[in-house]
Amino acid sequence: KQGTEADGIAFYSQDMNQGMHERMRIESGLRQALGNGELLLHYQPKFCIDDGSIIGAEALVRWQHPERGMVPPAEFIPLAEATGLVVQLGEWVLEQACAQAQAWKRAGLRPIRLAVNVSAREFTQALPARVQETLRRHGLEPQWLELEITESTLMHNIDRVIGIMDRITALGVKLSLDDFGTGYSSLSYLKRFPIDTLKIDRSFTMGIPQDTNDCAIASTIISIAQQLNHRVIAEGVETEDQLAFLKGAGCNEVQGYLYSKPLPAHEFELALRGKWRV
Ligand code: C2E
Ligand code: CA
Ligand code: CA
Ligand code: CA
């Protein structure tokens, strides 16, 4: 006899076990990776749209797994967020980014603003003091640090979140709103957020110029940013057509494969020194 209800259930729960097993395997692997130097940061330059100069960089975490090779963040960040491990991961990223920024400064490189991604779970009352302490320890001036936060961070307790944002910006650290337009934070709140920059998500950039809706959304985000006195950057810029459209619409900065992929620290340094054209 085959295909009974009981078989189906047994089969289903075996699947679930495998899924859970896989998650636990990745989680313990990631916990170890944090301690044994398997994590590293790559840096994707951000460019001024007017003169094409590098004005900043976004730090993006990479996991160099001894057997699996380079594991992309899409495969472990969501899990780290679900388990809370993202808090320790975030501490490591901030530490590493500040150390790198300071090392570049000491090496006499032109100062640039370094952006770090911060998950909703890291955005707690403890964050401002941790940021302040990390900057102090590395002797890094706050204006060279930027935190990229997503709309999901803003969806929880709005007054509490604004309080944390205010304390971070009071330090002199910049805030930007990542993946803008993909969540659903209300426009009425936008004016209350002490943010410096709106970041147009790649899902909109991708449709430029052929998709009229994406063009309309990108233009609208740019004009909202202008009206609210924020800067605006587009991520995922891959073509000259996209660049031309964004320039025409008044976008301030661009980031994407058209200019450069995320780079290992030493390659980013060469790009910044201008010895290597990206
Ligand atoms: P994100 O913050 O939206 O970062 C942009 C992603 O787009 C990066 O993927 C980047 O490599 C990729 N990208 C940049 N330009 C282009 C382009 O022109 N074309 C295409 N196709 N892709 C482009 P990545 O590095 O795989 O990171 C994926 C996501 O993982 C990030 O999305 C961010 O949400 C998360 N993430 C990465 N590093 C960290 C981190 O240190 N902390 C936290 N909390 N999240 C991180
Ligand atoms: Ca980001
Ligand atoms: Ca994005
Ligand atoms: Ca993001």
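Residues numbered from 1 in each chain as written. Chains lettered and ligands numbered in written order. Predicted model: local features only at pLDDT ≥ 70, side-chain atom pairs only at ≥ 80, totals over all residues. Heavy atoms only, no water.

Per an unreviewed UniProt entry, the chain is named EAL domain-containing protein, and its organism is Pseudoduganella buxea.

On to the coordination of the calcium ion (ligand 3). Binding of the calcium ion (ligand 3) to the protein goes through Asp179 (OD), Asp201 (OD) and Glu235 (OE), at separations of 2.0 to 2.5 Å. One chain supplies every donor to the calcium ion (ligand 3), and in sequence these donors are spaced D-x21-D-x33-E. Between the calcium ion (ligand 3) and the calcium ion (ligand 2), a spacing of 5.9 Å is present. Placement of the pair is Asp179 in strand S6 (residues 174-180) and Asp201 in the loop between strand S7 (197-200) and helix H8 (202-205), with a sequence separation of 22 residues. Given a relative accessible area of 11%, Asp201 falls into the buried group. (Donors = N, O, S within 2.8 Å, 3.2 Å for Na, K, Ca; no water. Helix = DSSP H or I, 4+ residues; strand = E, 2+ residues; numbered from the N terminus. Buried < 20%, exposed > 50% of the residue type's maximum accessible area, 1.4 Å probe, protein only.)

Turning our attention to the confidence of the model for the chain. In this model, the chain carries an average pLDDT of 91, and 92% of its residues clear a pLDDT of 70 or more. Among the prediction metrics, the complex's ipTM stands at 0.97, with pTM recorded as 0.92. (pLDDT = per-residue confidence, 0-100.)

A separate point is the site of ligand 1. Around ligand 1, 21 residues are found, and the nearest of them are Arg62, Ser119, Arg202, Glu238 and Tyr257. Here Asp178 contributes a side-chain N or O atom positioned 3.1 Å from an oxygen atom of ligand 1. In this structure, Tyr257 approaches ligand 1 through a main-chain N or O atom, which is 2.8 Å from an oxygen atom. Surface burial for ligand 1 is 83%, taken as the share of its 810 Å² of free accessible area covered by protein chains. At the level of elements, strand S2 (54-65) and S6 are the ones that each hand at least two residues to the shell around ligand 1. In terms of residue count, S2 provides more of the shell around ligand 1 than any other element does, four residues in total. (Near = heavy atom within 4 Å. Polar contact = N/O pair within 3.5 Å; in protein donor to acceptor, adjacent residues only side chain to side chain. Areas by Shrake-Rupley, 256 points an atom, 1.4 Å probe, with all protein chains shown as cover.)

Here we take up the pairing of S6. With respect to burial, S6 is a largely interior element, five of its seven residues being buried. As defined by bridge partners, S6 adjoins S7 across three bridges and the pair is classed as parallel. Bridge pairing in S7 links Ser176 to Thr197. (Pairing = 2+ DSSP bridges.)

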